[in-house]
Every structure is written in C-alpha cells, then in structure tokens.
Amino acid sequence: MEGKKVYSLMLTFLMLLSFSFSGIAQQRTVTGTVTDDVGQAVPGTTVLVKGTTNGTISDADGKYSIQVPSEDAILVFSFIGYQTVEEKVNGRSIIDVLLPTDEEQLEEVIVVGYGTQLQTKMTGSVQNVDAAELQDIPAAQLSQKLQGRLAGVQINQTTGAPGQGMQVRIRGQVSLSAGSEPLYVVDGQPITGDINAINPNEIESISVLKDAASTSLYGSRAANGVVIITTKRGSAQGTSVDLNINTGFQQVPYNLEQELLNATEWAQMRKEAFEDQGLAVPEVFQNPQQYGEGTDWFREITRTAPINDISVTFSSNQDKFRATAIAGYFNQKGVIENTGFERFSLRVNTDYTFNDRISAGFNVAPTFTRDNLVPTTGAFFAGNVVNNAMLTPPVLSPNQDLDGDGQRDLMLDVNPSFTGWPWPNYYNNILSRVNETQNTRILSNAYLSLDIVEGLNFRTSINIDMGSTYGQDFRPSTVAANPWQTVPRNSEMNIVRSNFTSWLNENILTYTKSFGDHNLEALAGYTAQHYRFEGLTASAQGHADDRITTLQSATVPGVPSNTIQEWGLLSYLGRVTYDYKGKYLLTAAIRRDGSSRFGADNRWGNFPSISAGWVISDENFMGTNGPLSFAKLRASWGITGNNNIGNYTQFGNVDIGQSTVFGSAIFPGAAATTIANRQLGWELSNQIDVGVDLAFFNDKLSFSYDYYNKISSDLLWSLAVPPASGFDSFTGNIGEIQFWGHEFLLNTRHRVGQLDIQFGGNIAFNRNEVLALDETVPFILNNNTLTIVGSPVGQFYGLVHDGVYVDQEDFDRNPKANISQVGGPKYVDVNGDGVTTYDGASGAPGSDDQTIIGNPIPDFIYGMNANLRFKNFDFTIVGSGSHGNDIFRRSLQGLVNHGDGLMNVLGELKDRWRSPENPGSGKWGKNYGSTPPQDRDWVSTNFVYDGSFFTIKTLTLGYTLPANTIKGIRSLRVYSNVQNAFVFTKYPGSNPEVGGTTTFNLGQDFATFPVPRTITFGLNVGF
Amino acid sequence: MNILSKKAMKIRNILILSAAISLGSCSESFLEINSETDLTTGNYFQTEGDLTAAVNGIYAALPGIYNNAWMLGEFASDNTYYALNISRGDVEEEEQIANHQTLRANPNTAEKFSANYILIARANQVIVSLESGSFDPSFANPLRGEALFLRALAYFDLVQYFGAIPLFTEPVESFEDTRQPLAEPSEVYSLIISDLNEAGNLLPGKSSQLPGRATSEAAYTLLGNVHVVREEWSLAEAALNNVINALGLGLEENYANAFSPSNKNGRESIFEVQYLEGPLGFASAFTYPWLPVPLSASTYGALLGVSDPQEDNNRQTFNMPTKEFIDSFEDGDVRLDYSVDYVQLEPSANYPENPPVHPFISKFLHPHANFGQAGDNWPVYRYAEAKLLMAEALFEQNSGSTVALAHVNDVRARAGLEPLTSLTKDAILNERRHELAFENKRYLDLKRTGRLVPVMTAMGEAIRANPQEYYFPPGTTPPPGVLTSIITEYEIPTAEAALNPNID
C-alpha cells in the first residue's frame, strides 16, 4: 500500500510535469461575448485559435468559451457579413469582442490613382467594388460582373459571343472618332491590350474613377474615366488555399424565329404574291398547308452550351514575405454551334519586406486564350450568320440530303421554283467554318519601395504588358457566304499574326507628414511608357483540298501585308493632399504628358485638377444625436484628355506610287497626299463635379449624390479644306460636346433577428448635347445617324413613316416620291416641299424628308443589388436597367424583303397592304413583285423601337457549411447562380443592350450573337 | 534605426536625380516616332532620291489637268459643239459649258481648278524642300527649273480661266494655310513671269534633256505665250527668240507626224503631256467622248483599231467640229483631212431613218490595242505655235514685219497652202485656229483678243436659226438662252468658295 501511494504520487507528479512541458501551466480558458457595433449579440460567430483547427462557436447570447494553448495565442473571430477581428490573448481570460459590419464602406481604404485614400477623406467621385461580391458570377469578362453596381456607368453586353462585346461608358462618354472606353489600370499599370485576357478571379478590388479630380493623374488618357484594378495579394496571416468551381450551362431564352413566318405562312405569302399581281400561282405554292411548320432556323443554329470556371488561389503571408498564386481555367462554349472561348491563366504576386524601410515585389501573370467564332456582325448579306440563317425560307431544312450521300447538302433548294436561288446551307456553314484566334498575354510588374527618411517614400517600378495573337479564318470551298453564290467555290484562308510589347517605368516620391491636426501628403513622379505593335496578315484562295489549309496550297495567292504601330509617352505628375482634422479636405493635382501622337508643335499637355471637401458631420454645430452619422460635401474641377487619336495622324502621308511616263518608260514618283498637322492634340475634357455623401443610423444607410458637367472639345475629325490647297481634307481637333448628369447611390444594411439584409441601388441621368462642330462641318451624317449642333450625338436619322397610300384618292392627296405607288409606304413631308424625297446617306438636314427619329441615349440608367443572409444561407439578386433609350433595329431591313419572295420575312408582313379594301395595319406596304425599294431601303421610324429594359442579371443562392464541419477545411460554400435570369423589355429583338461600340452605331441592332441565360452550380472551398 | 547614413542618403538622392534628368534629356527622340510602314512628310523630301521622285510626282499630276482640258479650251469655243442624244434626258453639265450656261457648281470647272492646284502643291513642296535642304546646285537647279516651269504652267491655266485666284507658293502646314484670299491677276502673272525667267535659265536645252521632261525652250515658249496674252510684244519676242533658233527644234515635214504616237517628243515637240498605251493606268482616251453616237461595236473597232471593241453609245457626242469651223478651212489645207473625219451613224431614236454622217475629231485618234487604253500624248506646245506666237509678237510691233510673215508662211506651206502676201491679226488668228485645231487654244485666243463675245453670240444665233446644222436631231431645239450671255471668265468653283471664307 505504501508503494501504491508512492506510485500515484509519482503519477501525479509526472502528470504535472508533463502538463508543464506541454505548457499547460499557460493553457487557459478564455471566455467572452461577441457583439456587433449596436450592442447586439452575434450568435454563431466562429472563434478559432489562430494557426490551429481548435475552435468553437458563440451561443445564442453571443457567449463563447475556448481553451487557448498559451498566453501568446491569437484568437480569430469571424462571421459572414462582419469584419474578421483578431485578438491576442496576452494573458487575458475574458475577451469581449465587437465585430464591425463588413460593408463599412465609409471607413474603407480605396485605391485611387497613385495611392490609396480613406473613403471619408475622398474629394473626388470614386466608386469601389470589392471582388468578393462578384466571385459567384461565371463570366468571361470582368465588366459583365460589374453590371448593376456602378452609378452612372453604363455597361452593355452588346453581343453574347463568348469573350467579346462589352461596352463600358462612364458618364455617357462619347467622342466623334476617338474611343470612348475608359482607361484600365491593373496594379498601377495602364494596360495597352484587351481587358478580356485577365481572369476576373484574380481581382481583389475595382475602383471606378469618374470625375476629373480623381482621374487627373492619368492626364491625357483619363477623359473617359479610369477603372483601377488591384489583384489579390493575400492579407490574412498564414497560408491558405481557396478553390472556386463554377460549372453549368447556357440556354437561349428567346427565339427570334417566332417573329418570322413558318413554312406554311411563307408559302401562303408566296401564293398571295402571285395572286395579288394577277399571275398564275405555281404548283409548289398552291397548297401551302402541305409544308407544315417547316424549319426553325434560329433553333437549328443555337444550342445549349456548357460553361466552366475553375480557379485555385494559394496564398501565403509570412512575416517578411507574402505570395499569392491564382491559377484559373475558364471554358465557355457559345450558344451558337461551333463557337467557344477558353482561357488558361496564372498569376503570381509576391511581396518581400527586407526591413522596415525597404520592400520589393514582383508579379507575373501569363494568360492564354483561344476562341472560335463565326461572323455575327454587320447587316444582312454581309456574312452575318445569324441574319443569313434566319433569312433562309423555312421550307428548307439543314438536314436536306437530296443526293442521298449521307451528308447534309451544301446548297439547299436546287429546285428553283421555291425561291429561284440555290441557298447555302447556313447550318453547314457554321459547322465547317474555322475562325480561331489564340492569344498569349503576359502582364508583369516589379517594384522597389524605399522609405528614405520617415514620411518620405520613393517607389520605382517597371511594368510590362505584352501579348501575341495568332488567328486563322478558313472558309472551306463548301461554304458560300451569301445566297447568290454557289458551291463549291474558291476557299479562302486569312491568317493574322501580331504581337505587341509595352513597358512602363514609374518613379514616385511621396511625402506624408502630420503637424498636429494638419495632415499632408505630397507626391511627385516621373513616368515613361512605350508601346510597339507589329502585325502581319496573309491570305490566299482556292485551296486544292479543304483538309490542307496552308497558304501555299492555295491556287490564288493574296498579297500579304504588315503593319507597325508605335507610341511613346513621358509624364510628370504631382499631387498635394491636405486635410485638417479629417474635416476640411483639399487636393490639387497635375499631370504633364508628352506624347509621340501629338503634333510637333503641341507635344506637351498639362492636366490640372483641384478638389475640396467638407465633412460637415464633424463640425460641432452638427451635434452628435440624430440619425445623421456622416455628411460630406465635395466639389472638384479638372482637365483631362483623350489621346486615342491614332499614332501617326499628325503626319502627312506621302504616296510613292505617283509615277509618271517619259517617252515610253515609267518613272517612280512621290507626292504628299494628306496635310500634316503640327498642332494636332488630344481631345480635351473640362469637368466639374459636385457631390454629397451622407450616412445615417450609424452608417447603416449611406447615400451619395453627384452632379457633373463636362465639356469635351478639340474632338478629332477630318475637315474638308478648299481644293486650292491641293488637298481635300485635314485632320484636326474641332467642336464641343457638353455632358451633364446626376448620379444617386444608396446602400443600406439591416439586421432583423438572424436575417441580415443589405441593399444597394443606383440611378443616373446622363445627357449630352453638341455645342459646336466646325464652320466647315455643319453636321455629320454617318451610318444613318445625325450629329448636329443642338442635339445629342449620334441621333437616329431617317424618314417618318406615316402609314400606306390606302387607295388612289389617298395617293393623289398626299406628297409622294416618283417611285411611290398606291399601297406603298407613305412618309411625312418633313421639309414641306410637297414631295417625298430620300437621299439616304447624303441627305443633308432639310434637303430631303429625313429627320431625327430616335435617340440611343437613355433617359436614365439604374441598377440594384440585394444580399440576404439567414443563418448559413445567402441570397443575392442583382439587376440593371435602362429607360428611354431607342434602338435602331437595322436587322429588320433584311427581314422585310417581301417583294422578292426569296427570303423569310417578318410575320408582321401578313398585315401588309393587299388592296384598298384590305389595307392591313398600315405599317408595311404592298408586295411590289420585286425587291421593294422603300419598305426595305428607306430607313424610317419603322425600324425604331423603345429599348427600355430591366434585366435580373444575377440570382444566387448559397449555403455555407458551419466552420469546422469537415476537418481540414476552413470554409465551404455551395451555391447556385443564374446569370441574365430575366429580361423585362418591350423590345422584340433578342438583346435590348445591343449596339455598336462606336459613336455612330450606338443602339443599332444588326442581329448579333444571342445573349444566353446561364445556370451554374458552384463551390467555394477554403483550406 | 537609421540604416542609411547621411552620406549614403545623399548618394542615393543624387542617383535618383541624375536618373530623372537623364530620362528627361532623351525625351525628344523618345517622343518622335514616325510611321515605319508609310512615308510621311516628317521623314520624306530630304534626300536626292526623294526629290527626284517628288519632281516626277509633279508630272504625274499633268494628266489630271489635260484629260479634260478640251472642255473649257475647245468645247466652249466656236470650233466645236455637241450632238444632242435625246435618250439621255436632262441637260448634262458638259452641255452647260458649250452653251455658256455653266453653273458655279459645275464639276468640270471644279475639276480644272482642283487638278491645277494639286500640281501646284506638289511643285511648292519640291521648291521649298530643295531650298531648305543642302543639295548640290548641279542636282538641285534643273529640278527647281522643272518645278517652276510646271507651276507656272498651272497658274497660267488658272489665271486665264478664273482671273483672280488664291496664290500658294509654299506647302500648306496648317488648317489656316489652306484658306488663302484671292490674288489679283497681276500678282499671279508676276509670279509666273519670274518663275519662267528663272526656269528658262535653270533648265537644260532640249538637246540635252531627257525626252518628255521640261526644257528651257518649253519655259521660254510658255513665257512668250504669257507675254502675248498680256500684249507685251517685245518681251514676248525676247522670250521666243530662245526658242525659234534652238537646236533640234523644227517643223515636221508631215503634219500628221507631229501627233503620231510613234514620234513622241519629236523635233516639233516643245512640251507634251506623256501617256502610255496599255493597262498600267497611264493610257489616254481623248477621242472616246468625241466619237459620234450611236455606232456599232464593229465600227468602233474599225475606227479605234482595238481588238476588243465595245459599244459606248449611252452618252452625248461632245467636241464635235462645227460646220462653220470645217468650212473655214481653205481648199487644199491638209490639216482639215487630218484633223476631222466622218462616220455614218446607226439608226437611233435621234434618227430612226436615214441617220446622217457626223464629223468628229480624228487628230488624236490612232489605232491601239485595247478599248479605252490609247497612247496619244497631248501637245502643249509645238514649234509651229512658237512660230505663230513669234509672228504675232513681231506683227504687233511692226505690221509689215517680213519675219513675221515668213513664220506664218512656213506653217502654211507645211499645210499645203499658198503663202500670204501680208498679215492681219485675223489672218494670224485663223492660222492658229487651223494649225492648233482642237489643241485647247481657241477659247483663250478668242478671249485674249476680245473676240469671244461677238463670235460666240453669233454662233448662238446661228444655232437658233438652224439647229439641225448644229447636230440637233429633227424635232428638237436648243435649250433656251444658249450663248446669249457669254462667259469670259469663270467664277471660282463652289467647291472652293463654300470652304474658303475669303471668297464669296
């Protein structure tokens, strides 16, 4: 028994020892309560010991209790919708934690040009979006994800072609001939290539700079606004791995073919055409019913297509070194057969801190994309496969196999009495055509940051943007582009190879100092950027065998051509930011740009700005009670530029083909063919902005309002010059366009029990008006649009349709054209000269009956996003809309070709004029028996529609597994997402966001690639 | 902890500053980036090769002026008229010219205007580039001479037809440069005369110049012509003296030989606009708008000698020799047969039965291989004209000048005519009319001698009195008001006036 006592004592002692060796002497229990910033308990908060999987969850009262291994341990408190808080134990046993809400936008640090700024101290107009909000959206392009979230930024998906077609306009920006897209800056580098090559999953945050003060440090490139993109660098300590998988399918939710005729109706119309002309009806059309429904060509060429988006992020953040690597694979097949887009991307961002003064970093991001597309732009018979397929008479089937060889016929309708023309099998065309483009892109940055003395930092960086493209477009001998062509015909191969390299060196000196309540930051910098592009195209026709598509195997060689584009930019920048107690704010900035694009006598431009703010809510007279928790007034003014004026426009061209004869021999000669412009400069934008930012109820509701007014001048345009000069045109800077508007932005956060609601809405009213063009340019007619002083840019221009000439009396009574007939279309005599005249593209205002018939610019654009969280479920809805914009449905011109009777036509034509007793709806005139010049060719209000729409862009439902449910997994969420879920519009065409991306084809619909609805399922896993 | 010692900081700051400065100093060339795929005014007109090609480029502008110079030179005169084709509907703009009813927006006057100025702009570029570059005078002088001559030729054409015109002597370099005010004719002539005097010195003589290029004889002939127009007879005589006795110049024995494509730049040629038969884009086609319509394709083939004849009947017939002109020739004048030919028309709406024979200009019609691609050069100055100009200059100084009479008689003799015993102004003008028929001299001759108004008014009355003699088909009449208000000087075309605020 003595031994047992000793034994148990020894055991106890040993246990005590072992506990001490395992540090149990420091192990303790920590308890506490988790509350939010209004004192409410936050149940379900995950409490973790950092670096371990040891954790617990707060109870319904927000209380928790956890064992920590040492007093140096760190506890991590996290809950969705709140900011994560870390607390060092430091020997405490009770730790109460306050979790601030996540969308504390006002305290956020926003990335602006060349630096960061607190939202509360911002004096410019900047909107910030956190990429975490966008991660559920499977999209090839970044801007698709931003729809609905940015006030005053119109983002249109003009076509559903994978990887293409996004049009971004900040504050309704348009120019005459220079581009209107904003400048994209990725990790401080203004990129020179396409933004599409960047994997959106690499993005940490996006700032959209809208006014002149915020963009002015980008000087001559900033007039269209600036989008600043920051990629992920890893923030939380330690190592983590995140995997995002998003996979699903896309469908086309509408059918354009429904607007056209089916086979029976088409045959019936053909029959009526012969009857109306008093001709005998051919046998094939005597019994239209026999053809039944026929072929739905739109359905034939479209399909359900898969979409996959996978990305893996490795992030490691140690003391001195942090690195993030993001690898991604994206694959989107197009909803038109034989189309698709694929992207492989990798990004590695590293930062190294040598000591507390010196740090450096290096990023590299290679991307490889590959896409295959069929042509889907342009008017009918310009090779647009969507248009052409829909024109195919529905009695013809893509699966026709009259020669019985088991293959689809290449040409349909070899029986001429249907249409008189053999029709290419457009389904076969789409399948056999190869139009593949491969793109390799590398973005890379390296920087060195040096704190010279306290408050003085020098940062130098070298940034590279390079890419190469290889494209081949092969049309086999079995494919005809247009109905009057036959196959087999000469095949055609077009090859494009190009590459570009851009490097940027930036050197920025920043000085930060506080003197008591005065805070000052001064910045000075010098940058140099250079770009060079080289491209080569070669083509050939008539390959001996379609299987070998090399240029040398073609019998008809084309002439290869190569091109070189190059530019250089040198800049000085400076900025001073001052604030007193964070209450009175002032910023002044200037950028001086010298560009190789500008004329020799106008090389350098200065782009100054100034902005000020007043945080009224910090004033004593505002008091501390009441619902208003934050109020700031701000105003800004600045000058920015648009330098998309071409690289060599300032030079006069010399043509070395001006040869002459002496005797019987030819001698080479040269002559200048255009005039140089040594004064050529950037397009100028002079903008003021006034705004107010308010927050209520302890920042739970935030509201922003901006009014802006800007004048764009010195627009690049070609002017006619007097012929005595020896030339006919001169490219110079002319004109003035004024833009103004109001933007409203609202965000609110509400908690009801366990339901967390966040809602954001925005609405913007953007207007523009042409103030002046040039004395030699009284107006601009381009692509059936009119730009003239006193109206907005790019107005639709055409005749005003006024019914049909119902009978002879109606015909005699009204003005008409010399080709008008009874039963034909009637137009308003706008210029009052008693006759109807249409001069098409050369009809100067007043000279014929054309007038402004539509406006592609919306009365207002708006967006909303709402996010609901209940326990572990989350639900998001994002919508965006536009109201009051018109669409010019030019694709209709191909669909009202009812005279020929060769093509499918709009179902509305069943209500055409057939006789005075049967005048129809008045919208379409009679069948002339041949191509009707007026219904089709005379552009009129018949083609103008209201394009207002509201689209539910995103619907997401997700569920997050509670923490530590699965060992080894930090977090797991599953979700389902619908993209482009519902479109509410009266517009009968497929896509109300349709339009070109240049000024003169805004809002014009030429029947493009359909925009699909995408349904996906996804997984976010964190290790 | 202050890692950086003060000294190290200083060094660092100096390094940073010097880096910034060195970057700044290379800024000029960094920002001067020229196209590598096209030549531009920024990097051209600098070497001898550039300037040689640029001078050839000036010549390349000549066809643009001379292709249709017949419209204002002959068609607006009493030598020719048009044959109305009733299936052509509206009055055409060319007819306006023949009827002296030309509207300001007529594209033909606009074409003459702009074509001349294209040449002037090219010449200005060469002249200025030769001056500002450092070229050897032996290289630069002949080229300068060519540019001055060609510029003077263009300005002389413009000032005779349009009067006060914008005056450009340098390449335009800005938008404002393109809009010049009108210069008085005296100022224009000042430039022309000084240019030609200098060109006459700088240019080589015909015997040492490449055939087809400008020569000092060409410059002095043009100068003589200028002085004759300005009635500065002794100055004209002085200028033409350099031509009359020049080496290698003389009359062809055979009149036809002066125009033969196989005798281009021959001994009688002082300056010709060069063309080349064939498909390369340098062919001439003067005769085509002048052939009567309608003709059958085989007739076209027979007339033109082409192996691929076509019908080209959907037009009016322009520049048709008038009966009055044909009748004005003396008997035995070989020039008539050479200059005018006849062809039988096919039946048409104009003449459903018994279509007539119509005359046409055959002077520049020579057989060629393919339709529309003839090789005839255009004679600007021939030795025969130099003699006639000299004769006029001498006559005006001394109406009994035997030298003048001899010149005229040499020309007549070559034409198979008896010599005159004395000269009158009319005799000289008639000799010019017949010798230089259809060479775009007639309108200007009538204008400078004050005969334009009476001659053309009389023609108008003759047309109204007997329309069918002036090729109006039976049942048709001339438009109202033809040749009642004679245009002695054309307004600056609308294309210029509309864009130039200096011009009304």
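The following paragraphs examine the structure supplied in this document.

Cut-offs applied
- Residues numbered from 1 in each chain as written.
- Chains lettered and ligands numbered in written order.
- Predicted model: local features only at pLDDT ≥ 70, side-chain atom pairs only at ≥ 80, totals over all residues.
- Heavy atoms only, no water.
- Helix = DSSP H or I, 4+ residues; strand = E, 2+ residues; numbered from the N terminus.
- Rg over C-alpha atoms; globule rule 2.2 N^0.38 Å.
- Buried < 20%, exposed > 50% of the residue type's maximum accessible area, 1.4 Å probe, protein only.
- Contact = heavy atoms within 4.5 Å.
- Areas by Shrake-Rupley, 256 points an atom, 1.4 Å probe, with all protein chains shown as cover.
- Lys, Arg positive; Asp, Glu negative; His and termini not counted.
- Charge placed at Lys NZ, Arg CZ, Asp CG, Glu CD.
- Salt bridge = Lys/Arg side-chain N within 4 Å of Asp/Glu carboxyl O.
- Polar contact = N/O pair within 3.5 Å; in protein donor to acceptor, adjacent residues only side chain to side chain.
- Nonpolar A, V, L, I, M, F, W, Y, C, P; charged D, E, K, R; others polar.
- Axes fitted to C-alpha atoms, helices over the stretch in contact; angles between N-to-C directions.
- Parallel < 35°, antiparallel > 145°, perpendicular 65-115°, else oblique.
- Left-handed = near helix turned anticlockwise from the far one by under 90°.

**Let's talk about the overall build of chain A**
A count of helical and extended segments in chain A gives 11 helices and 53 strands. Against the compact-globule benchmark of 31 Å for 1023 residues, chain A has a radius of gyration of 33 Å, which places it among compact chains. Taking the principal axes of its C-alpha atoms as reference, chain A extends roughly 125 × 75 × 65 Å. The proportion of buried residues among the 1023 residues of chain A is 55%. Considering only contacts in chain A between residues 6 or more positions apart, those separated by 24 or more positions represent 68%. Summed over all atoms, the accessible surface of chain A reaches about 40,100 Å², with 56% contributed by carbon and sulfur. Distance between charge centres in chain A, computed from 71 positive and 101 negative side chains, equals 7 Å.

**Quick notes on helix α17 (residues 425–435) of chain B**
Among the 11 residues of α17 of chain B, nine are classified as buried, and the element is accordingly described as predominantly covered. All of the buried residues along α17 of chain B are K425, A427, I428, L429, E431, R432, R433, H434 and E435 of chain B.

**Looking at the interface of chain B and chain A**
At the interface, 60 residues of chain B touch 64 residues of chain A. Seen at the junction of chain B and chain A, the total is two salt bridges. Across the pair E775 of chain A and R179 of chain B runs a salt bridge, and its minimum N-O distance is 2.9 Å. Remark: the boundary between chain B and chain A carries 10 residue pairs in polar contact (both at pLDDT 80 or more). Breaking the side of chain B that touches chain A down by element, the ones donating at least two residues are α1 (6–25), α2 (27–30), β1 (39–40), α3 (48–59), α7 (107–132) and α20 (494–497) of chain B. When grouped by side-chain class, the residues that make up the side of chain B that touches chain A number 32 nonpolar, 19 polar and nine charged.

**Remarks on the packing of helix α10 (residues 216–229) of chain B against helix α11 (residues 233–244) of chain B**
Residue and element names in this part refer to chain B. Relative to each other, α10 and α11 sit at 160 degrees, their axes nearing to 8 Å. Here α10 is positioned roughly antiparallel relative to α11, judged by the angle of their axes. Where α10 crosses over α11, the two elements pack in a sense that is left-handed. Contacts between α10 and α11 involve E217, Y220, T221, L223, G224, H227 and V228 from the former and W233, L235, A236, A239, L240, N242 and V243 from the latter.

**A few points about the environment of V112 of chain A**
Residue and element names in this part refer to chain A. Checked against the element boundaries, V112 lands in strand β8 (residues 109–112). We classify V112 as buried; its relative accessible area is 9%. Other than its neighbours up to four places away in sequence, V112 contacts Q117, M122, L209, I228 and R575.

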